[in-house]
Amino acid sequence: MRYFVAIAGRSIEVELTPEGTRIDGRLVRAEMVAIPGTPVRHLLIDGRSFPLVARAAEAKGAWDILLDGQHFLPEVVDERSRAIRAMTARAGEAPGPRPVRAPMPGLVSRVQVDPGDAVQPGQGIVIIEAMKMENELKAEAAGVVSRILVAAGQVVEKGAVLVEFTAGD
């Protein structure tokens, strides 16, 4: 089975085969092990262990992942779903990067951009404090900051739009 993972403006191909897992064509030994009774998992890749917290997000195929103090919001689709999406691309869907949303309730610690700033995939946009940890939310794609809807010290709910973008030139 082949999957496509969209994260930080990049697409990664993951294929599960009888020989093992291929990531962007490279065969790796990979296994995900859950720690019973907790949301913590260990991702084992070629013998290296990466502890992480992974939760399904609201949208189908979307995930909320905390790894090494960094927050990631990847989207995972299988090849069939990807093909269907390509064939039925929604007319009228706004082009450009998706807005940065709060992945969980928290307190905005810092806004790292201003309206009009050009941003690149993976660039830090907003830092939210939640569960006594700071989480840096990053741009998924290149774009230009069009609106900032929060300020430092503001409490936000899960799913709240924090920063909106337009497509860059």
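Everything discussed here concerns the structure shown above.
Throughout, residues of each chain are indexed from 1 in the direction in which the sequence is written. Local features are withheld for residues below a pLDDT of 70 in this predicted model, meaning they are given only at 70 or higher, and side-chain atom pairs are given and counted only at 80 or more; totals for whole chains, interfaces and linings count all residues. Only hydrogens and water are removed before side-chain values are computed, so all heavy atoms of the structure are retained for them.

A. Examining the packing of aromatic side chains more closely. Working definition: rings of Phe, Tyr and Trp (its six-membered ring) pair if their centres are within 6.5 Å, and the pair is stacked with planes under 30 degrees apart, edge-to-face with planes over 60 apart, and tilted otherwise. Following the criterion strictly, the structure yields zero aromatic pairs and no others. Only when the NZ of Lys or the CZ of Arg is both within 6 Å of the ring centre and within 35 degrees of the ring normal is a charge said to sit over the ring. We note Arg82 situated over the ring of Phe4; from NZ or CZ to the ring centre the distance is 3.8 Å.

B. Molecular detail of the pattern of salt bridges. What makes a salt bridge here is a side-chain nitrogen of Lys or Arg within 4 Å of a carboxyl oxygen of Asp or Glu, nothing more. Within this structure, the stated rule accounts for eight salt bridges. A salt bridge links Glu13 to Arg2; the nearest nitrogen and oxygen atoms lie 3.3 Å apart. A residue pair is termed long-range when its members are at least 10 positions apart, and Glu13 in strand 2 (residues 10-17) and Arg2 in strand 1 (residues 2-7) qualify at 11 residues. The buried label applies to any residue whose accessible area, calculated with a 1.4 Å probe on protein chains only, is under 20% of its type's maximum; exposed applies above 50%, and partly exposed to all values in between. The class for Arg2 is partly exposed, based on a relative accessible area of 26%. Three or more residues joined by partner-sharing salt bridges are found here, namely Arg2, Glu13 and Glu15. Secondary structure counts use DSSP, requiring at least four H or I residues in a row for a helix and at least two E residues in a row for a strand, with both numbered from the N terminus.

C. The arrangement of the side chain of Asn135 in detail. Within the fold, Asn135 resides in strand 15 (residues 133-138). Beyond its immediate chain neighbours, meaning those up to four positions away, Asn135 contacts Leu66, His71, Met104, Val126, Ile127, Ile128 and Ala130. Between two residues, a contact is recorded if the distance between any of their heavy atoms is within 4.5 Å.

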